Amino acid sequence: MDTQKTILAFALAVVIFLLFQAWQEQNAPKPVTPTAVHQSVTTPSTPTPAGASAPAAVATPIVAPVSTSFRPATGPTVPFQTPVFTGQIGLKGGDIQNLGLRHYPQAVDNPAPYPILDTAAARLTIQQSGFVSSDGQTLVAQFAVPAVQSADGQPIILTGKAGPLTVKKTWTFQPDSYVVEEHITITNSGSAPWSGSYFDQFLRNDRAKSHMFMSIFTGAVLMHKGNFSEQSFSDIRDHPVLKAGPGWAGMMDHYFLAAILPPEHAQTQVYARPSGANYVAGISTPLPILAPGQSTTITQQLFLGPKQQQTLAAMGRGLEQTVDYGWFSVIAEPMHVVLTWFHGLVGNWGLAIILLVIVVKSIFFYPSAISYRSMANMRKLQPKLEKLKKEVGDDRQKLGAAMMELYRSEKVNPMAGCLPIVLQMPFFMALYWVLVESVSLRQAPFILWIHDLAIPDPYYILPLLMGVSMFFQQRLNPAPVDPMQKRIMSALPVIFAVFFSFFPAGLVLYWLTNNLVSIGQQYLITRHIMAAKD
C-alpha cells in the first residue's frame, strides 16, 4: 500500500463518518405534530418501586393517575425581568410559563431573547407543578396576584390554594445567574390529615430539527444516583422511566438546558414519560403526612440556561455531562479549554480556531515532516514508477511486486505517511464535536460575511477555498500510478467542498487553516528533497 492509498483511505473514512451522521439524522424518529398549549398533562405515578424503601415520613403509597384533566395555565401571569431573564409566571400552578434568555438572541437577524420556555404550540416547553394525593387526586394551586411583581433584587412570593392545601411559593432570581431558587411551603388547611407528593416537571413537544450531517440530541436528561442518561422521545414513548432515589431531571436541546434540581441527597423520584403527543421529565417528592394545620417546605433549584461547560461543572451536580462530545471526549474537552483560553486572548472565536490549528500542527510537526519527506521521496520515484508500469503492462500482481522491490532498493517506505494521518484524524473529529456542541460559538462572528461560526457559510466561500487548498495540496503529492485511483483523488477536492458546504463555518475554517499550514510545511520539505542529488 502506498501513501496515496493511505490518503484515500483517510478521506473515505471521513466521508463514511459524514454519511453515517446523515443516516442517523434521516432515520431518527419523525417529529409529531405539536399540540396546542391546552394539551392534557400527564402527572407522575409515584408508587415505590420494588426493592426500594419508602421514605419514613410517608405512611401510605402514593398512586397518581396516568393522566388528568389538568391543562397548562392560560390565565393571568406575573411578569419579571433580571439581567439574564425576561419571563412570566402563571398564577395557575405558580410556574414559569415563558422565559427568554436575554444574552442569547434567537438568530443573528432576530435580537429577541431565545425562548427556553414557551407556551406557543410550535415551541411548546413549559414548567408544570402540582400535588398528587394518596387517593390519586391531582391538585394544582391557584395563586393570587402578588404584592411584589418584580424580580429585580426581590423574590416573587405567591400564595394560593390547592384543594385543602394552602401553598406559598417563593421564586428567587439571582443577578447574572441562570439558577433559580424555588421554595414551596405547604400547609394543610383542611380538617383531615393529608398525604401525597409534590411533582415538578417540564413538558415539551418533539420538534426535532434537521442538522444535515450533524446528529444533535434533543430530549429528556436524567441523573439518578450519580448515573446520567439521555432519554430520546422515541425511547420515552416505548419505555417510560420512573426511578426512586436522589437525582435531577430536565429537558435539553442543542445548546440549552432546563433542569429541576432538588437537594442533592433528597429521596425523590425522577421520571420521563409521554404526555399525549408531548413528553414530560420531572421530579416527584414524597411529602410527610400533614395533620390539620401542619406545614412542610420543599426547597429546590432550577437551571434554565445555556450549556456552558465550566458553569455547569462548577455546580457539582453532573450537569456538565449534558455537553456530549461522544467518543472523543478525552481529546475534545482539553481542546475546548484551549479554544476558550485563546478566545480570552484574542476576543474572536475564528482567530481562536486558527490558533488552535497552529497548536495541533505544532504537536504533529515532526510526524508530519516524516510523512511529507516520504511523499517527496515517492514523488522523486515517479519517473521510475511510470517506467515500471510501461514495462509490466496490466499485470497488477507483477507491478505490485516490482514496486515493492523498487521501494526496497531506494530505501523508501511508502507507509511512513500513514501514522501522522491516523493520529490527526481523532483531533479533527474531536474538534467537530467541540464546534457542534459549544454554545459559545453559537452566533459567534468571525470576519466579513461570517456572522455565525456555528452554521454553514451562507456564500459557500470557505468550502470553496478549502476545496482549492486540497487541490494544491494534492499537487505536492506523488500522482497515483493506477488511473482509477488517480481519478478518485482528483475528484476529492470537489466532493469535500460540497460536503463541507453543509458544515459549520468554524469547522471549515479549521480544515482550511490546517490545509494551508500543511501546504507550507510540505512545500518546503518537498522542495528540499527534490533539490537534493540522488
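Up top is the structure.
Predicted model only: the values in this text are computed from it and were never measured.

Within soluble globular proteins, side chains that are nonpolar generally end up buried alongside one another. Residues F85, F131, L304 and F500 are the most contacted members of the largest nonpolar core, which totals 112 residues. Here this core takes eleven residues from helix α9 (residues 418–437), the largest share from any one element. Setting aside chain neighbours within four positions, we find L304 in contact with F85, I96, L99, L101, I116, L117, Y178, V180, F202, L257 and A258. In this structure, L124, I126, F199 and L203 belong to the second largest nonpolar core, which totals seven residues.

With that out of the way, let us pick up the packing of helix α4 (residues 329–346) against helix α5 (residues 349–363). Contact pair α4 / α5: the axes reach a minimum separation of 8 Å and the direction vectors enclose 125°. As summarised for this structure, α4 and α5 are arranged oblique, according to the angle between their axes. By crossing handedness, the relation of α4 to α5 is classed as right-handed. Contacts between α4 and α5 involve M335, V338, L339, T340, F342, H343 and V346 from the first element and W349, L351, A352, I353, L355, L356, V359 and V360 from the second. A class-by-class count of the residues in the contact of α4 with α5 yields 13 nonpolar, two polar and no charged.

Now for the packing of aromatic side chains. Counted by the stated rule, this structure contains 17 aromatic pairs. Ring centres of F131 and Y198 lie 5.2 Å apart, and the angle between their planes is 55°; this geometry places the pair in the tilted category. Note that F131 is positioned in strand β5 (residues 125–133) and Y198 in strand β11 (residues 196–204), a separation of 67 residues in sequence. Taking relative accessible area as the criterion, Y198 reaches 2% and is therefore assigned buried. When the centroid spacing of 5.4 Å and the interplanar angle of 55° are considered together, the rings of W341 and F342 count as tilted. Classification of W341 as exposed rests on a relative accessible area of 54%. Given the relative accessible area of 11%, F342 is considered buried. Clustering of aromatic rings is evident, with ring pairs tying together F80, F85, W171, F173 and Y178.

Between its first and last C-alpha atoms α5 spans 21 Å; for 15 residues at 1.5 Å apiece the expected length is 21 Å, and the two agree. The set of residues buried in α5 consists of W349, G350, A352, I353, L356, V357, V360 and K361. Looking at where α5 begins, the residue whose side-chain oxygen comes 2.8 Å from the main-chain nitrogen of G350 is N348.

Criteria and cut-off values
- Residues numbered from 1 in each chain as written.
- Predicted model: local features only at pLDDT ≥ 70, side-chain atom pairs only at ≥ 80, totals over all residues.
- Heavy atoms only, no water.
- Core = buried A, V, L, I, M, F, W, Y, C linked by side-chain atoms within 4.5 Å.
- Buried < 20%, exposed > 50% of the residue type's maximum accessible area, 1.4 Å probe, protein only.
- Helix = DSSP H or I, 4+ residues; strand = E, 2+ residues; numbered from the N terminus.
- Contact = heavy atoms within 4.5 Å.
- Axes fitted to C-alpha atoms, helices over the stretch in contact; angles between N-to-C directions.
- Parallel < 35°, antiparallel > 145°, perpendicular 65-115°, else oblique.
- Left-handed = near helix turned anticlockwise from the far one by under 90°.
- Nonpolar A, V, L, I, M, F, W, Y, C, P; charged D, E, K, R; others polar.
- Phe/Tyr/Trp six-rings, centres within 6.5 Å; stacked < 30°, edge-to-face > 60°.
- Expected span 1.5 Å × (residues − 1).
- Polar contact = N/O pair within 3.5 Å; in protein donor to acceptor, adjacent residues only side chain to side chain.

Distances and angles like these do not, on their own, reveal function.
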